[in-house]
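Here's the letter readout for the chains.
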Amino acid sequence: MCLQEYKIYLINGHVIKAAEECLIPEEKRLHNRFRNSKIDDVLTVGSEETNRAFIPVRNILYISTGDRIHW
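The present account deals with the structure reproduced in this document.

## Digging into the nonpolar core
With 11 residues, the main nonpolar core is built from Tyr6, Ile8, Leu10, Ala18, Leu30, Leu43, Val45, Ile55, Val57, Ile60 and Ile63. When contributions to this core are tallied by element, the ones reaching two or more residues are β1 (2-10), β3 (42-46) and β5 (60-70). A total of three residues in this core trace back to one element, the largest contributor, which is β1.

## Brief notes about the packing of aromatic side chains
What the rule picks out here adds up to one aromatic pair. Taking 4.4 Å as the distance between ring centres and 15 degrees as the angle between the ring planes, the aromatic pair formed by tyrosine 9 and tyrosine 62 counts as stacked. Pair noted here: tyrosine 9 is in strand β1 and tyrosine 62 is in strand β5, with a separation of 53 residues, a long-range link.

## A word on the pairing of strand β4 (residues 52-56)
Note: β3 against β4, five bridges, orientation antiparallel. Note on β4: the bridge partner recorded for valine 45 is alanine 53. Between the antiparallel neighbours β3 and β4 lie five residues.

## Focus: the layout of surface pockets
Using a probe with the size of a water molecule, rolled over the atoms, empty space left in the structure can be pinpointed. In this structure, the largest pocket encloses a volume near 440 Å³. If you go around the largest pocket, you meet 21 residues; those closest to its centre are Ala19, Glu20, Glu21, Gly46 and Ser47. Elements that contribute at least two residues to the lining of the largest pocket include exactly β1, β2 (15-21), α1 (30-35), β3 and β4. Per-element tally for the lining of the largest pocket: the top contributor is β2, with six residues.

Parameters at a glance
- Residues numbered from 1 in each chain as written.
- Predicted model: local features only at pLDDT ≥ 70, side-chain atom pairs only at ≥ 80, totals over all residues.
- Heavy atoms only, no water.
- Core = buried A, V, L, I, M, F, W, Y, C linked by side-chain atoms within 4.5 Å.
- Buried < 20%, exposed > 50% of the residue type's maximum accessible area, 1.4 Å probe, protein only.
- Helix = DSSP H or I, 4+ residues; strand = E, 2+ residues; numbered from the N terminus.
- Phe/Tyr/Trp six-rings, centres within 6.5 Å; stacked < 30°, edge-to-face > 60°.
- Pairing = 2+ DSSP bridges.
- 1 Å grid on protein atoms, 1.4 Å probe; cavity = no way out; pocket = protein on both sides within 12 Å on 5 of 7 lines; lining within 4 Å.
- Points joined across faces, edges and corners; volume = space filled by probe spheres on them.

In structure tokens:
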């Protein structure tokens, strides 16, 4: 399994760490969903098996990628 780590930087200075599987389709990856979203959209982070966060796009300053974790 391979996971891609992300850091979501919010406009209030907080940072949320997230990760997703590397094998999901390009259009469903976090950074592409953020890039394609409108200012009034809500970005969902997490899955049904884990906790979810619903973040208004207007509150996100930017998203950076981190390490890839293989195991």
